[in-house]
Amino acid sequence: MRIALFITCFNDMMFPSTGRAVTELLERLGHTVEFPQGQTCCGQMHFNTGYRPETLPMVRRFAEVFAGYDAVVTPSGSCAGMVRDQHRVVAAQLGDAALVEAVERVVPTVYELSELLVDVLGVTDVGAHFPHRVTYHPTCHSLRMLRVGDRPLRLLRAVKGIDLVELPAAESCCGFGGTFALKNADVSNAMLADKMRHVLDTGAEFLCAGDNSCLTHIGGGLSRLRTGVGTMHLAEILASTEGNVR
Amino acid sequence: MSGRDTVLGAIRSALADVPDAETPDDHSPVPYDPRSPHSGPDVVELFVERAADYRATVVRVPPSEAVAAVGRALARTGAKSLVVPPGFPEDLVPEGPWSRLADTPPLTVRQLDAADAVLTTVAAAIALTGTVVLDSGPGQGRRVLTLLPDQHVCVVRADQITADVPEALSLLHPRRPLTLVSGPSATSDIELDRVEGVHGPRTLDIVVIAHE
Amino acid sequence: MSGADNVVWLGTPPFPEAARTALADTRLRANLRRATGTIRDRRLAVTAELDDWEELREKAAALKRRTLRHLDQHLLQLEESVTAAGGTVHWAADAAEANAVVTRLVRATGESEVVKVKSMATQEIGLNEALAEAGIRAYETDLAELIVQLGGDRPSHILVPAIHRGRSEIREIFRREMGKWGRPAPEGLSDDPRDLAEAARLHLREKFLRAKVAVSGANFAAADTGTVVVVESEGNGRMCLTLPQTLITVMGIEKVLPSFADLDVFLQLLPRSSTGERMNPYTSLWTGVTEGDGPQDFHLVLLDNGRTATLADEVGRQALACIRCSACLNVCPVYERTGGHAYGSVYPGPIGAVLTPQLVGIENAASLPFASTLCGACYDACPVKIDIPEVLVHLRAKAVEAKRRDRLLPTPEALVMKAAGAVLSSPRRLAALQRLAALGARLVARDGRIGVLPGPFARWSGTRDTPAPARESLRAWWRRTREEGRTTRKGKGR
């Protein structure tokens, strides 16, 4: 299968290791991964903050750059949700008929990583090995926008050596919310405090999620308080193997 | 321009996107069948369970024991005065140490406030939610009769128990004043915790008359 | 502007500022945590009992959607039905008109006090204050409204306006204030909710028994029969709806349903979503006037007050489907921490964040659509499937547009967004920024972590470390290892 990787602007700059993990994982499973160099950003920050006209060029670029692949995978529930639910909104409101059509063509090929693995590639055991205590936070957009359900957990349960522990109040938002964390910094902090408390209660070494943005927020708090709990994207756990624990 | 014209005019201009030819019945057909029953076959048992769940005192008795069950409910609270609305079946009014008040001529609110208990029939009952429905029909009387006395004893015939809210509503007449009662008066206003007993009757007794 | 009377409270700071104060209130936080936690579990338990819950939500959403599309016709039919049943219908374009109608109706009875059933519509129009100006005393009879009224307070929740108060505070308010309004609190009142409820029973009983006029809201009204519905728990609603001679019901125009039969869906959805009960203790349905039973003079006041402005927005109009259950408040992680007062509106929480700015105009409540992480919990809980996140981002765009329109110079945020937009729509510029960031990070980062960030990002970095941007972006790595130097590819490259 010819799969394009949409790394997302945030991961590209901050977490290239996640992109490399997705690539290694999919290649290990026998697929060809391509990285279209023309890719930039899904436009979520602009869209969700109210800057719709500024989103339009990004929507247009996405539809052009990712046209024609069997599948487009992204290691971000949030960005996948933006493309799937909101690109049509932007195209319909501000674009032209050609853009609407291009968006409609590309949207059904876009998958968040766990969706691609479970639904398209039909695997839950990806042959990973990760001998650590891990707890999983289902990010809001994976959970309630994409409805990935227990796919990430099914993938994690199949990882050899993992000690997967349940996160209390897992479905509560961590308080990131993109520009919310800046505009409503105090509320964001209050939510972060509770999320961190729940993470610490599990005794996990690593907090795992399908979105590095939420992990940056929670992990940033865990780091500031020197809790010693690390964060790791789902892709990086799944890419780890016996000879190559990340 | 009157408020009426202003409001209607504003609504119409707000709905400029709705095509002129569209009628209220055209748009987005409603997909759900409201008559799919929610409860199992034994609605009587479910009703008893659910009404008790909301702190009503419920007994299930054969017809021959109904009047005694009513008597026991009133004796339990030590009621001294009992309102019996017009049309209530005489054979279900127990003998007892209470004075009986009829609502003919209508009782004043002060008289009703001083009464200890009221005894009524019901228009219908709903198993799934443990609800009794009053429609001010014979044996139930005016709405206020079941409001001011602190104990409400009602008798429910098994054949009056419907499965769920849609079934009950389909039997009721909208022109009558209707009251759906699910357990005694309650509030969740303090820390969202449920406490029984505020303004309405604090004791609700339900006598279900059913053959074994 | 008209309609802003009590929908937004003048003098309340923007949400982030008001939230900061609320977050520091230890007692408030504890009260909210306990109350929202309790109600969430109860709601989940009773909604899980109905295997067709999702279908019910679908049906309710569809019913509301199509009702709103022909709202004028349904209201005219309602007017006809209510009139035929012996009631009188009044129309009010805004709060001032509605208050004037109610004041006139009360005056006509010669009475100087009214008892009130809890009603969001009358809160919204500031009816109690308007009546007070006319020398008419309005007694709130719902327990939570009573707590708010006695405390000289504002409501902070749609269903439980006194949710911000714990039992000991309520006891203090009762002991201090009840005597000023009527029967004082019993001697030695404890803070047991049972005793507090009993104190309210005794305090209000006298008012009920002598009341000649009542004012209520309405949860629903059926156009085909003229039947009006009030859903409640305590029995104060029944008292107000049956004891007085005159009943005045103030109802938002969006509450109308086409038919009596439509009630079946909503009477299943509302109690389970609001108090987490299969059915609330008392639901009263009445049609006009019934001889010899209840009020003999019935008035229905149909209120616009910004609703038609909301209706005109094809995305935003779904907010008018709201049945005021407050499930969205109870599941909202923001509301749970700030409570309702921070929203500065009679409609707080997620539904308030989409309804208030539409009722009063976005420029009068511009911070509210941003008071959400867009986590979507509200949408999942909403019994009529209002896509609150969708409306929130829609209103954010309107708020930004309004600022663009009203200002000569762009806001700093707009400048940043414009610059970011330019970078993020060009791979070349993005790659250049990434190289620059990697370079900059090496100067400020320690062990790959950045402690303090400048400008608006200081609010972020005050509580969180930030990882340094990678030395090599994925884009650069790919180009280096896969497109230029395939032979130097490494097995792993952390």
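Scoring rules and cut-offs
- Residues numbered from 1 in each chain as written.
- Chains lettered and ligands numbered in written order.
- Predicted model: local features only at pLDDT ≥ 70, side-chain atom pairs only at ≥ 80, totals over all residues.
- Helix = DSSP H or I, 4+ residues; strand = E, 2+ residues; numbered from the N terminus.
- Rg over C-alpha atoms; globule rule 2.2 N^0.38 Å.
- Buried ≥ 20, exposed ≤ 12 C-beta atoms within 10 Å, placed from the backbone.
- Contact = placed C-beta atoms within 7 Å.
- Nonpolar A, V, L, I, M, F, W, Y, C, P; charged D, E, K, R; others polar.
- Core = buried A, V, L, I, M, F, W, Y, C linked by C-beta atoms within 7 Å.
- Pairing = 2+ DSSP bridges.
- Axes fitted to C-alpha atoms, helices over the stretch in contact; angles between N-to-C directions.
- Domains from an automatic or database assignment.

A few words on the overall build of chain A. When you go through chain A residue by residue, the secondary structure sums to 13 helices and eight strands. Taking 18 Å as the expected radius of gyration for a compact globule of 246 residues, we find that chain A reaches 18 Å, a close match to that expectation. Counting only C-alpha atoms, chain A reaches 55 × 45 × 30 Å along its principal axes. For chain A, the residues scored as buried account for 61% of the 246 residues in total. Restricting the contact set of chain A to residue pairs at least 6 apart, pairs at least 24 apart contribute 78%.

A separate point is the interface of chain C and chain A. The partner chain A presents 55 residues to the 52 residues of chain C that form the contact. Elements represented by at least two residues in the side of chain C that touches chain A include exactly helix H1 (15-23), helix H15 (333-338), helix H18 (388-406), helix H19 (412-424), helix H20 (427-444), helix H21 (458-461), strand E12 (466-467) and helix H22 (474-484) of chain C. Taken together, the residues that form the side of chain C that touches chain A break down as 26 nonpolar, twelve polar and 14 charged.

Moving on to the nonpolar core. One finds Val70 and Val133 of chain B together with Val301 and Leu302 of chain C to be the most contacted residues of the largest nonpolar core, which totals 307 residues. The greatest single-element share of this core, amounting to eight residues, is contributed by H18 of chain C. Among residues more than four places away in sequence, those in contact with Leu302 of chain C are Val7 of chain B together with Leu75, Val89, His90, Trp91, Ala92, Met251 and Ile253 of chain C.

We now examine the sheet that holds strand E2 (residues 81-83) of chain B. One key point about sheets: their strands pair by backbone hydrogen bonds, in either a parallel or an antiparallel sense. All names here are of chain B. Strand order in the open sheet formed by six strands is E1-E12-E7-E4-E2-E3, with parallel pairing between adjacent strands. If you trace the sheet from one side to the other, it starts and ends with strand E1 (57-61) and strand E3 (99-101), each paired once. Across the sheet, the axes of successive neighbouring strands diverge by a mean angle of 20°, strand direction being ignored. Here strand E7 (residues 151-157) runs beside strand E12 (residues 203-209); their pairing, made up of seven bridges, is parallel. Across the sheet, His152 pairs through a bridge with Leu204, a residue of E12. Against the sheet, helix H3 (residues 66-77) makes contact with E1, E2, strand E4 (117-120), E7 and E12, and its axis sits at roughly 165° relative to E12, the strand it touches most.

Residues and elements named next belong to chain A. Under the domain assignment, chain A is made up of domain 1 (2-120) and domain 2 (133-239). The distance between the C-alpha centroids of domain 1 and domain 2 comes to 22 Å. Opposite the 27 residues of domain 1 that make contact, domain 2 presents 22 residues. Broken down by secondary-structure element, the contributors of at least two residues to the side of domain 1 that touches domain 2 are helix H1 (9-14), helix H2 (16-28), helix H3 (44-49), helix H5 (77-94) and helix H7 (113-120). Of the residues forming the side of domain 1 that touches domain 2, the biggest block, six residues, is contributed by H2.

The interface of chain B with chain C comprises 63 residues on the first partner and 80 residues on the second. When residues of the side of chain B that touches chain C are traced back to their parent elements, those giving at least two are helix H1 (3-14), helix H4 (109-114), helix H5 (165-171), strand E9 (178-181), strand E10 (186-190) and strand E11 (193-196) of chain B. Of the residues forming the side of chain B that touches chain C, the biggest block, nine residues, is contributed by H1 of chain B. Here the residues of the side of chain B that touches chain C sort into 30 nonpolar, 20 polar and 13 charged. The sheet contact formed by E9 of chain B and strand E9 (residues 282-287) of chain C spans four bridges and is antiparallel. Opposite Val181 of chain B, over in E9 of chain C, you have Tyr282 of chain C as the bridge partner.

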